[in-house]
Amino acid sequence: MASKPHPSVGIYPGSFDPLTSGHVDLIHRAARLVDTLIVAILQHPDKNALFSVEERMEMIRESIHLQSVKVEAFDGLLVEFAARRNAAVIFRGIRAVSDYEYELQMALMNRRLKPEVETVFLMSGEAYSFISSRLVKEVARLGGDISGLTPPGIAARLKRRLSGD
Ligand code: PNS
C-alpha cells in the first residue's frame with residue numbers, strides 16, 4: 001500500500017453557488033483531517049449560475065478563516081486537479097440517503113480514473129442536513145428568511161443579487 005503523502009492535502013470540490021452553512025460545516029470537518037484543504041470550485045460556463053467563480057471564491061475566503069484552507073477554481077477532471085495538487089483525498093458531504101447514489105457513482109468513476117485518490121464521505125451536522133444552495137436561492141428569491149442558512153455576508157449578497165444588482 002502506498003504510504004500517506006506528507007503533508008496531506010485534501011480537496012473539497014463543488015459548485016458553491018453560493019456557499020451555505022452546510023458547506024461551512026463540511027469545510028471545518030474536512031480541515032481537521034488533512035494538513036491542507038483545498039476548496040475547489042468547478043469552473044464551468046454555467047449560464048444558470050447566480051455568482052461568477054471569482055465571486056464564489058471571494059465569498060468562501062470571506063467566510064472561512066482557517067489558515068489551512070485554500071480556495072481555488074479548477075476545470076477538467078477533478079481527479080487530474082487532485083493529482084496536480086498532490087491530494088490523496090476528495091471529500092464530499094452526504095446529507096441524506098438520496099445523495100448517496102449520485103455520490104457513489106462519482107466516487108467510483110473517480111476511483112476508476114485515478115485509483116490512488118480516495119473519496120471520503122463526511123456527514124453534515126443534523127442542523128444542516130436539509131440545506132442546499134439550490135433551495136437557499138429559491139427561498140431567497142421568494143422572499144423567505146434565509147438567516148442561518150448561509151454565512152451572514154453571503155445572505156446579504158444573495159439578496160442584492162436577486163434584487164437585480
Ligand atoms: O456541488 P456539486 O455541483 O454537486 O459538485 C459537483 C462536482 C464539481 C464535484 C463534479 O461535477 C465534478 O467533479 N466535476 C468535474 C468534472 C469531473 O471530474 N467529472 C467526472 C466526475 S465523476
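Treat the numbers as computed from the prediction; the structure is a model and nothing was measured.

A. Local environment of the overall build of the protein. Secondary structure summary: the protein contains 6 helices and 5 strands in total. Counted from the first residue to the last, the protein has its helices and strands arranged as β-α-β-α-β-α-β-α-β-α-α. Since a compact globule built from 165 residues should have a radius of gyration of about 15 Å, the 16 Å found for the protein is in line with a globular shape. The C-alpha extent of the protein, read off along each of the three principal axes, is 55 × 30 × 30 Å. Per-residue burial over the protein gives 45% buried out of 165 residues. Across the protein, the fraction of contacts at a sequence separation of at least 24, relative to all contacts at a separation of at least 6, is 76%.

B. Inspection of the environment of I146 at higher detail. Tracing the backbone shows I146 in the loop between α5 (133-141) and α6 (152-162). In the structure, I146 is positioned 11 residues away from L135 in sequence and 9.8 Å away in space, judged by C-alpha atoms. Sequence-distant contacts of I146, that is, excluding residues within four places in its chain, are made with V136, V139, A140, A155 and L158.

C. Seen up close, the site of the ligand. In the neighbourhood of the ligand, the contacting residues comprise G14, S15, L42, F74, G76, L77, L78, R92, Y102, M106, M109 and N110. Contacts to the ligand include S15, whose side-chain N or O atom sits 2.5 Å from an oxygen atom. Residue R92 places a side-chain N or O atom 3.0 Å away from an oxygen atom belonging to the ligand. More than half of the atoms belonging to the ligand lie within 2 Å of the grid points that define the largest pocket. If one sorts the elements of the shell around the ligand by residue count, helix α4 (residues 97-113) sits on top with 4 residues. Taken together, the residues that form the shell around the ligand break down as 7 nonpolar, 4 polar and 1 charged.

D. Spotlight on helix α1 (residues 21-31). With 9 of its 11 residues buried, α1 lies for the most part within the structure. Burial in α1 covers these residues: S21, G22, H23, V24, D25, L26, I27, A30 and A31. Those residues of α1 hidden inside the fold are in contact with β1 (9-14), β2 (36-42), β3 (69-74), β4 (89-94), β5 (118-123) and α5. You can read the cap of α1 off the contacts: a side-chain oxygen lies 3.2 Å from the backbone nitrogen of G22, and it is on T20.

What counts, and where the lines are drawn
- Residues numbered from 1 in each chain as written.
- Predicted model: local features only at pLDDT ≥ 70, side-chain atom pairs only at ≥ 80, totals over all residues.
- Heavy atoms only, no water.
- Helix = DSSP H or I, 4+ residues; strand = E, 2+ residues; numbered from the N terminus.
- Rg over C-alpha atoms; globule rule 2.2 N^0.38 Å.
- Buried < 20%, exposed > 50% of the residue type's maximum accessible area, 1.4 Å probe, protein only.
- Contact = heavy atoms within 4.5 Å.
- Near = heavy atom within 4 Å.
- Polar contact = N/O pair within 3.5 Å; in protein donor to acceptor, adjacent residues only side chain to side chain.
- 1 Å grid on protein atoms, 1.4 Å probe; cavity = no way out; pocket = protein on both sides within 12 Å on 5 of 7 lines; lining within 4 Å.
- Sits in = over half its atoms within 2 Å of the grid points.
- Nonpolar A, V, L, I, M, F, W, Y, C, P; charged D, E, K, R; others polar.

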